[in-house]
Amino acid sequence: VGTCVEVGIHYDPMLAKVIASGPTRAIANRRLQAALERLVCLGVRTNRAYLQRVLAHSEFAAGALHTRFLDVHQEELAAVEDVSADAVAAAVVHDWAHTRLKDRPMPGLRANWRNNRWREPQRTYRLGQDTVEVSWKDQGDRLRIDGRDVRVVHPGPPYHLEINGTTRRAYVAASGARIWVHLGQQDVELERQPD
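Keep in mind it's a predicted model, so treat the numbers as computed, not measured.

Visitor: Give a description of the overall build of the chain that names residues and reports values.
Guide: Along the backbone of the chain there are five helices and eight strands. Reading the secondary structure of the chain in the N-to-C direction produces α-α-α-α-α-β-β-β-β-β-β-β-β. Counting the 195 residues in the chain, one finds 30% classified as buried. The contacts of the chain with a sequence gap of at least 6 include a subset with a gap of at least 24, amounting to 43%. Counting every atom, the chain has about 13,200 Å² of accessible surface; 50% of that belongs to carbon and sulfur.

Structural data, given as structure tokens:
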């Protein structure tokens, strides 16, 4: 359900709880994993991805728990996949799609038109402490973003993107210059920098 809620500065740190049950531990575990996999909560930091890794751990699934479980398995439970490049690509697609849909003040001009038609449009995003500058080329249903082929299979939400032959599903939300991207088990926050 696409619901937007503003979280003020005075709030309980637990905004939501996801509970699953089943006739066996294994079934309840799989149901909880499925619920967390479908959960998209952009704009707020959650421990969803961490919980997914805990639930998928073989010892947790077997019920071999103890009070130091999280400490003992700290390295195994750390995030591994870096999706920042794909998140930037999804943010570009989101901006590109919304620019294409807007009413153009001068019909016939392509979105992101420049007076130097040989120069690709560029955008800069802040990603954590880093600044990422990206350019792209509009090729109809696909973009060439910093040398990577990105085909828009479904324009969202969620976006179904094929990035260099790999299909990714990306949820994207934006408020002003801030953009949140959900890819797989990762949530990435970007800030669009002024042109």
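Visitor: Run through the sheet that holds strand S5 (residues 159-163), naming residues and quoting values.
Guide: Judged by pairing direction, the barrel is antiparallel, and its eight strands sit side by side in the order S1-S2-S3-S4-S5-S6-S7-S8 before closing back on the first. For this sheet, the mean inter-axis angle between neighbouring strands, taken without regard to orientation, is 35°.

Visitor: I'd like a rundown of the pattern of salt bridges, residues and numbers included.
Guide: Scanning the entire structure with this criterion turns up eight salt bridges. With its nearest N and O atoms 2.9 Å apart, the salt bridge here joins Arg-144 to Asp-149. The closest approach of N and O atoms between Arg-151 and Glu-162, which form a salt bridge, is 3.6 Å. Here Glu-162 lies in strand S5 and Arg-151 lies in strand S4 (residues 148-155), a separation of eleven residues in the sequence. Overall, the relative accessible area of 23% leaves Arg-151 in the partly exposed class. The class of Glu-162 is partly exposed, set by a relative accessible area of 24%.

Visitor: An account of the pairing of S4 is needed here, citing residue identities and associated values.
Guide: Summarising the sheet, strand S3 (residues 142-145) and S4 pair through four bridges and their orientation is antiparallel. The partner of Ile-145 across the bridge, within S4, is Arg-148. Following S3, the chain reverses through two residues before pairing antiparallel with S4; Asp-146 in that reversal takes a positive phi of roughly 45°. Here S4 pairs with S5 via five bridges, running antiparallel. When the bridges of S5 are listed, Pro-155 appears paired with Tyr-159. Count of turn residues in the S4/S5 antiparallel hairpin: three residues, of which Gly-156 carries a positive phi of about 80°.

Thresholds, definitions, all that
Residues numbered from 1 in each chain as written. Predicted model: local features only at pLDDT ≥ 70, side-chain atom pairs only at ≥ 80, totals over all residues. Heavy atoms only, no water. Helix = DSSP H or I, 4+ residues; strand = E, 2+ residues; numbered from the N terminus. Buried < 20%, exposed > 50% of the residue type's maximum accessible area, 1.4 Å probe, protein only. Contact = heavy atoms within 4.5 Å. Areas by Shrake-Rupley, 256 points an atom, 1.4 Å probe, with all protein chains shown as cover. Pairing = 2+ DSSP bridges. Axes fitted to C-alpha atoms, helices over the stretch in contact; angles between N-to-C directions. Salt bridge = Lys/Arg side-chain N within 4 Å of Asp/Glu carboxyl O.

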